[in-house]
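Now for the letters of each chain:
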Amino acid sequence: MGGPVGEEELSLYDPALLLSLNFFDSPANFNPRISAAAPGEVWLKVRPLQTGDFHRGFLQILSQLTKVGDVSLTQFLNRFAQMRASGDYYVTVIVDTRYDKIIGSATLVLERKFIHGCATRGRLEDVVVDDTYRGKQLGKLIVVTVSLLAKELGCYKMSLDCKDKLIPFYKSIGYTLEPGNANTMNIRYEATTRSIGRNAAAAANQPEDTEPS
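An account of the accompanying structure is given in this report. Remember, predicted model here, so these are calculated numbers, not experimental data.

Here we come to the nonpolar core. Counting 49 residues, the largest nonpolar core has F23, L49, F58, L108 and L124 as the members making the most contacts within it. At the level of elements, α1 (16-19), β1 (44-48), α2 (58-62), α3 (73-86), β2 (89-96), β3 (101-112), β4 (120-129) and α5 (138-152) are the ones that each hand at least two residues to this core. No other element matches α5, which puts nine residues into this core. Residues contacting L124, with those up to four places away along its chain left out, are A106, T107, V143, V146, M158, S159, L160, Y170 and Y175.

Written as structure tokens, this is what we have:
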């Protein structure tokens, strides 16, 4: 899909992890039954983000969720390398192999803690599926995949922020609202503050951060 893709691509994490997930461990109801290994159509594939996905529309699918900005190939590859080196980012995508196109994505971010015996917490971020693929359970599939991945990696819990209208969806796949602990609060920084950071990053020859969702 538009632009060259290298012969040898790097994956953000080991694809074999997805084959070890037990979808029967999830309370999600799939009808018909699907999984990351068998997503329901022969032309669908669930896998880690790869270096060539810049040319497969990865940023375009994220733009259906939030503002992405003008991200260059160099910025994409630099951020990919940073995420891969940290070992704490598990961006997982769904590919329509007929068109070599990214049609869905979700991210598991690991937070290393001192609490709970230096345990690890998982965070679900940036969930999006192309709305032209509705009716194939792909939103549920990508969320359950990264949720089970968090369990496989030893997280003591998985957290997410979502809009009110999505609460029933997330409840249906095992997430709960915790009484007294169900508020989301943010502090956003003005563009002038962010521009200072961007200028500093540019001086250090680092890529810019994209806009937060």
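Moving on from the coordinates now.
Now for the side chain of S35. Within the fold, S35 resides in the loop between α1 and β1. With residues near it in sequence (within four places) discarded, S35 still touches F23 and L141.

One pass over the full model with this rule turns up eleven salt bridges. Its salt-bridge partner being D130, residue K101 comes within 3.9 Å of it at the nearest N-O pair. Highlighted residues: K101 in strand β3 and D130 in the loop between β4 and α5, separated in sequence by 29 residues. We classify D130 as buried; its relative accessible area is 8%. The partner of K113 in a salt bridge is E111, with the nearest N and O atoms 3.2 Å apart. Through salt bridges that share partners, E9, R47, D53, R56 and D100 make up one connected network.

Cut-offs applied
Counting from 1, residues in each chain are numbered in the order their sequence is written. The predicted origin of the model limits local features to residues at a pLDDT of at least 70 and limits the giving and counting of side-chain atom pairs to 80 or more, whereas totals for whole chains, interfaces and linings rest on all residues. Based on all heavy atoms of the structure, the side-chain values leave hydrogens and waters out of the count. Among buried residues, those of type Ala, Val, Leu, Ile, Met, Phe, Trp, Tyr and Cys that are joined through side-chain atoms within 4.5 Å constitute a nonpolar core. Note on classification: 1.4 Å probe, protein chains only; a residue is buried when its accessible area is under 20% of the maximum for its type, exposed when over 50%, partly exposed between these limits. Segments assigned H or I by DSSP are reported as helices when at least four residues long, segments assigned E as strands when at least two residues long, and all are numbered from the N terminus. Pairs of residues are marked as contacts when any of their non-hydrogen atoms sit within 4.5 Å. Any carboxyl oxygen of Asp or Glu within 4 Å of a side-chain nitrogen of Lys or Arg constitutes a salt bridge here.

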